[in-house]
Amino acid sequence: MNRNLVRVLLSVWDRPAFRAGLRHLIDLDEVTALLAALAVDDRDHEVDRRVRGLVRSALDTAEIRRALLLLVDADDARQDVSATVTEALADRPELARAIVSALDDAAVRAELAAALESPHLRAAVWRAVEDEFRGRRWRMIGELALVLARHRHARRLVWQLKRHGVLRELRQGPAQPSTDG
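Note that the coordinates shown come from a computational prediction; the quantities given were computed from them, not determined experimentally. (Residues numbered from 1 in each chain as written. Predicted model: local features only at pLDDT ≥ 70, side-chain atom pairs only at ≥ 80, totals over all residues. Heavy atoms only, no water.)

**Q** Lay out the overall build of the protein chain with the relevant residues and their values.
**A** In terms of helices and strands, the protein chain carries 12 helices and 0 strands. Residues classed as buried in the protein chain amount to 36% of the 181 residues present. Once local pairs closer than 6 in sequence are excluded, the contacts in the protein chain between residues at least 24 apart make up 61%. Here the protein chain has roughly 11,000 Å² of accessible surface; of this, 56% comes from carbon and sulfur atoms. (Helix = DSSP H or I, 4+ residues; strand = E, 2+ residues; numbered from the N terminus. Buried < 20%, exposed > 50% of the residue type's maximum accessible area, 1.4 Å probe, protein only. Contact = heavy atoms within 4.5 Å. Areas by Shrake-Rupley, 256 points an atom, 1.4 Å probe, with all protein chains shown as cover.)

As structure tokens, this is what we get:
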């Protein structure tokens, strides 16, 4: 999993209000242990597999999807998430700004909600994630192309993220240290 995503997840997870909202839905200790294991640079693939399984089962649960959407829908929660993103991505300020800009856009939030509520779209994205994890890069690219071709909410969400500069900043990658004299 992407190191920046792990940092953001860890920061959001540390928010008491977020954990309290999920307490009755998931095993908080298991999630805490998995997030800690993700933070380690040389973790094994089993940790990534367990996290993917947990995230997939969580996103298949309507209550958890609603809790996640509340993080970006409610103004106060969105401000907390934005602060967390900015802090977690201190080494990538342009990416953080693009993500925060996208989170503040009601159209992005609406497309995100629609995408998360589509079982067919979630299943297609998970197939692509599994292909990437198994090293089947071309198959993953094919799955993502099908997602964009078949699911208008995916197309709209990608367009909105592009408009806010998220895709450009993700392609940029982290800034390389200067080798000047």
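**Q** How would you summarise the pattern of salt bridges if you had to cite specific residues and measurements?
**A** Applying the stated rule across the entire model yields 12 salt bridges. Between Asp-75 and Arg-78 there is a salt bridge, with its nearest N and O atoms 2.5 Å apart. Residue Asp-75 and its partner Arg-78 are both found in helix H6 (residues 75-88); the two are separated by 3 residues, about one turn of the helix. Taking relative accessible area as the criterion, Arg-78 reaches 8% and is therefore assigned buried. Across the salt bridge formed by Glu-130 and Arg-134, the nearest N and O atoms sit 3.7 Å from each other. For Glu-130, a relative accessible area of 18% gives the class buried. Counted as one network, the salt bridges with shared partners bring together Asp-75, Arg-78 and Asp-104. (Salt bridge = Lys/Arg side-chain N within 4 Å of Asp/Glu carboxyl O.)

**Q** Please give an account of the confidence of the model for the protein chain that cites residues and values.
**A** Per-residue pLDDT for the protein chain has a mean of 79; in total, 77% of the residues score no lower than 70. Here helix H1 (residues 3-13) is the element of the protein chain with the lowest mean pLDDT, 64, and helix H7 (residues 93-103) is the one with the highest, 94. (pLDDT = per-residue confidence, 0-100.)

**Q** Which residues make up the packing of helix H10 (residues 137-150) against helix H11 (residues 152-163), and what are the values?
**A** Where H10 contacts H11, the two axes come as close as 5 Å, and the packing angle between them is 100 degrees. Between H10 and H11, the angle falls in the class roughly perpendicular. Of H11, the residues touching H10 (which contributes Val-147, Leu-148, Ala-149 and Arg-150) are Arg-152, Ala-154, Arg-155 and Val-158. Residue composition of the contact of H10 with H11, grouped by class: 5 nonpolar, no polar and 3 charged. (Axes fitted to C-alpha atoms, helices over the stretch in contact; angles between N-to-C directions. Parallel < 35°, antiparallel > 145°, perpendicular 65-115°, else oblique. Nonpolar A, V, L, I, M, F, W, Y, C, P; charged D, E, K, R; others polar.)

**Q** Any details on the nonpolar core? Residues and values, ideally.
**A** In this structure, Ala-98, Ala-102, Val-108, Ala-115, Leu-121, Ala-124, Val-147, Ala-154, Leu-157 and Val-166 together form the largest nonpolar core, which totals 10 residues. Listing elements by their share of this core, those giving two or more residues are H7, helix H8 (106-117), helix H9 (119-133) and H11. In this view, Ala-154 contacts Leu-121, Val-147 and Leu-148; residues no more than four positions away in its chain are not counted. Judged by nonpolar contacts, the second largest core, of 9 residues, contains Leu-71, Val-72, Val-85 and Val-100. (Core = buried A, V, L, I, M, F, W, Y, C linked by side-chain atoms within 4.5 Å.)

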